[in-house]
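Survey of secondary and tertiary structure
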Amino acid sequence: MIYEYLNYCKIGFEITEHKAVYNMVELSDISLPYPEAIAKNLFLRDDKKHNYYLITVKSNKRIDLKTIKRNYGTRPLSLAKEELRNILGLTPGTVTPFGILNDKKCKTLFFLDEDFLASPAIIGIHPNDNTSTVWLKVEDLLHII
């Protein structure tokens, strides 16, 4: 479905198929063409379950929830495991910015690591399934979501 949508939008992309991976440790065992462009994604909610966030950073970075709370004035954050399927249509291990396309009520705020904007400005993310990685320009990703 994602591939069809990218083609419909005339967005260039590459695909690397691989075994199913559920976390960054498992992904590190796979040979990838652009390892520096791999994204790590977390789907979060605040403690009142009113606000939802998808945070995408370079794979070598750590996401510090206390820093996000302090810098963006959010309430305390935690993983939104229960809401993942209902809001983004995803399951654990498949979180990706493409999931925002499934958020019909536009509940999710998206935060992207600015380091992805540096040349060559490509990103590697799951296509709503964890058995491949899609490589595309960050500009194109931002345009469609």
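Keep in mind that what you see is a predicted model, and the values were worked out from it rather than measured.

1. What about the environment of Leu90?
- Its location among the elements puts Leu90 in the loop between α4 (81–88) and β5 (108–112).
- Among the residues examined, Leu90 registers a relative accessible area of 3% and is labelled buried.
- Among all residues touching Leu90, those that are not within four sequence positions of it are Leu84, Arg85, Val95, Thr96, Gly99 and Asn128.

2. Describing the pattern of salt bridges
- Tallying each qualifying case throughout the model produces 6 salt bridges.
- For Asp47, the salt bridge identified is with Arg75, shortest N-O distance 2.7 Å. Of the two residues, Asp47 sits in the loop between β2 (39–46) and β3 (52–58) while Arg75 sits in the loop between α3 (65–72) and β4 (77–79), which places them 28 residues apart along the sequence.
- We classify Asp47 as partly exposed; its relative accessible area is 38%.
- With its nearest N and O atoms 2.5 Å apart, the salt bridge here joins Asp115 to Lys61. Taken together, the positions of Asp115 in the loop between β5 and β6 (122–125) and Lys61 in the loop between β3 and α3 put the pair 54 residues apart, joining distant regions of the chain.
- Residue classification places Asp115 among the partly exposed residues on the basis of a relative accessible area of 33%.
- Exposure remark for Lys61: the relative accessible area of 28% places this residue in the partly exposed category.
- Counted as one network, the salt bridges with shared partners bring together Lys61, Asp113 and Asp115.

3. Remarks on α3
- Between a side-chain oxygen at the N-terminus of α3 and the backbone nitrogen of Lys66 the separation is 3.0 Å; the capping residue is Asp64.
- Count one or two residues on from α3 and you reach Gly73, which has phi positive near 65 degrees.

4. Things to note about the environment of Val25
- Looking at the element boundaries, Val25 is found in helix α2 (residues 24–27).
- Overall, Val25 belongs to the exposed group, its relative accessible area being 62%.

5. A short note on the sheet that holds β5
- In space, the 4 strands of this open sheet follow the order β4-β2-β3-β5, with mixed pairing throughout. Each end of this open sheet is capped by a strand with a single partner; those strands are β4 and β5. Shown here is a sheet whose adjacent strand axes are inclined to one another by a mean of 35 degrees, direction ignored.
- Note: β2 against β3, 7 bridges, orientation antiparallel. What sits directly across from Phe43, in β3, is Leu54.

Calculation rules
Residues numbered from 1 in each chain as written. Predicted model: local features only at pLDDT ≥ 70, side-chain atom pairs only at ≥ 80, totals over all residues. Heavy atoms only, no water. Helix = DSSP H or I, 4+ residues; strand = E, 2+ residues; numbered from the N terminus. Buried < 20%, exposed > 50% of the residue type's maximum accessible area, 1.4 Å probe, protein only. Contact = heavy atoms within 4.5 Å. Salt bridge = Lys/Arg side-chain N within 4 Å of Asp/Glu carboxyl O. Polar contact = N/O pair within 3.5 Å; in protein donor to acceptor, adjacent residues only side chain to side chain. Pairing = 2+ DSSP bridges. Axes fitted to C-alpha atoms, helices over the stretch in contact; angles between N-to-C directions.

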